[in-house]
Amino acid sequence: MLGVFDSGVGGLSVVRHLMLQYPGQSLLYLADQAHAPYGERPLAEIRRLAAGITRFLLLQGAQLIVIACNTASAAALLGLRAAFPDVPFVGMEPALKPAAERTRIRRVGIIATAATFQGELFASLLDRYAAGIEVRTQVCPDLVSLVEAGELDSPRAREAVERYLEPLLSAGIDELVLGCTHYPFLRPMIEQVAGPGVEIIDPAPAVARQAGRVLFQHGWLADDGAPQTSTFYTTGDRVRFQRALRDLLGETGAAAQARWLADGKLVPLLPG
Ligand code: DGL
């Protein structure tokens, strides 16, 4: 069983690729909407939340954890691997490597949260792949809230996308990395604003492939093609999350409810 989490609905952009590539695979998803957005929170707090969610997913039967969140990966991936040495984790990082390989003018843009740019993972990414490349970074705090609110093509969303991309487009980038899992849901608008001269890179298909490889290595990859049973938990508003599941993923089943207790433990409250 695959466990997947994000601060909210962003990780569903990874789940849709997991479902396409491994349709027989069961998964458990946790959207920590009680704490979304994560991007402006201190790294130490994100680490604590990520550890609580990991414990929750393992207790519910997850074997492999996919951190479908660049922010939580930046803050917590290394710590989680150390704290849960027997559990395989697949994390995310902004896809600078493919962008650096594909840019013709050696100038790339990355959009992500403030916390993602602060983590040591991003510093090491720059060390490994940015030699000879101009990397322009941009934080886009409003985009996560817009996607959480289901505003994917409103005038407000367009204004925010234009405002955030403007400095990158003026700098003349030809590759744009979506460094937050919420942003792929705004991709049609991002493409419109960026124009045909900018290639958009979303790492979600590659992350789904990597999760499949790890499942396969452990003998956990379901290959009987039977319909999957997936459960989608939120720590926030269940009705709103159910609507997002339908709109973003085409999932019509009921959402499940999880709740944070005062001692920092996360527990299931209502089944899906
Ligand atoms: N979707 C997340 C990411 O990939 C988190 C965004 C947020 O909660 O600020 O970074």
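Position numbers for residues count from 1 along each chain, tracking the sequence in the order it is written. Note on the predicted model: pLDDT of at least 70 is required for a residue's local features to be given, and 80 or more for side-chain atom pairs to be given and counted; whole-chain, interface and lining totals, by contrast, use all residues. No hydrogens and no water enter the side-chain calculation; it runs on all heavy atoms of the structure.

Caption draft 1: Broad picture of the pattern of salt bridges. Should a side-chain nitrogen of Lys or Arg be within 4 Å of a carboxyl oxygen of Asp or Glu, the pair is scored as a salt bridge. Under the definition given, this model contains 13 salt bridges. Where Glu45 meets Arg41, a salt bridge forms, and the shortest distance between an N and an O atom there is 2.9 Å. Close ionic contact of Glu151 with Arg156 constitutes a salt bridge, the shortest N to O distance being 2.8 Å. One network of salt bridges, with partners in common, ties together Arg107, Glu134 and Arg136.

Caption draft 2: Up close: helix H10 (residues 204-217). Taking 1.5 Å as the rise per residue, H10 with 14 residues should run 20 Å; its terminal C-alpha atoms sit 20 Å apart, in good agreement. Residue contacts are defined here by distance: any two heavy atoms, one from each residue, within 4.5 Å place the two residues in contact. Under the DSSP-based scheme used, a helix requires at least four consecutive residues in state H or I and a strand at least two consecutive residues in state E, with every element numbered from the N terminus. On its buried side, H10 packs onto strand S1 (2-6), helix H1 (12-21), strand S3 (64-67) and strand S4 (89-90). At the C-terminal side of H10, Gly219 shows a positive phi close to 75°. In a helix, the anticipated span is given by 1.5 Å times the number of residues less one.

Caption draft 3: Local environment of the sheet that holds strand S7 (residues 175-178). The four strands lie next to each other as S6-S5-S7-S8, forming an open sheet whose pairing is parallel. Each edge of the open sheet is held by one strand with a lone partner, namely strand S6 (134-139) and strand S8 (199-201). Here the average twist between neighbouring strands, direction ignored, is 20°. What makes two strands pair is DSSP finding at least two bridges between them. Two elements, strand S5 (residues 107-112) and S7, share four bridges in a ladder whose sense is parallel. Bridge pairing in S7 links Gly109 to Leu176. With axes taken as lines fitted to C-alpha atoms, and helix axes fitted only over the stretch in contact, angles between N-to-C directions fall between 0 and 180 degrees.

Caption draft 4: Highlighting the nonpolar core. The definition of a nonpolar core used throughout is a set of buried Ala, Val, Leu, Ile, Met, Phe, Trp, Tyr and Cys residues joined through side-chain atoms within 4.5 Å. Classification of residues uses two cut-offs on accessible area relative to the type maximum, computed with a 1.4 Å probe and protein chains only: under 20% is buried, over 50% is exposed, and between them is partly exposed. The biggest cluster of nonpolar side chains holds 55 residues, and the ones touching the most others in it are Leu12, Ile190 and Phe232. When near neighbours in sequence (up to four residues on either side) are disregarded, Leu12 contacts Tyr29, Phe185, Phe232, Leu245, Leu248 and Leu249. Counting 31 residues, the second largest nonpolar core, distinct from the first, contains Leu43, Cys69, Phe89 and Leu121.

Caption draft 5: Broad picture of the site of the ligand. A single heavy atom is enough: if one lies within 4 Å of a molecule or strand, its residue is considered near that molecule or strand. Close to the ligand lie 13 residues, the nearest being Ser7, Tyr38, Gly39, Thr71 and His182. At 2.8 Å, a backbone N or O of Asn70 approaches an oxygen atom of the ligand. A total of 300 Å² of accessible area belongs to the ligand in isolation, and the protein chains cover 99% of it. Residue type decides the class: Asp, Glu, Lys and Arg count as charged, Ala, Val, Leu, Ile, Met, Phe, Trp, Tyr, Cys and Pro as nonpolar, and the leftover types, Gly among them, as polar. Taken together, the residues of the shell around the ligand sort by class into five nonpolar, seven polar and one charged. Between N or O atoms, a polar contact is any pair within 3.5 Å; within protein, one atom must be a potential hydrogen donor and the other a potential acceptor, and residues adjacent in sequence are included only when both atoms are from side chains. Method for areas: the Shrake-Rupley scheme with a 1.4 Å probe, in which residue coverage is limited to the protein chains shown.

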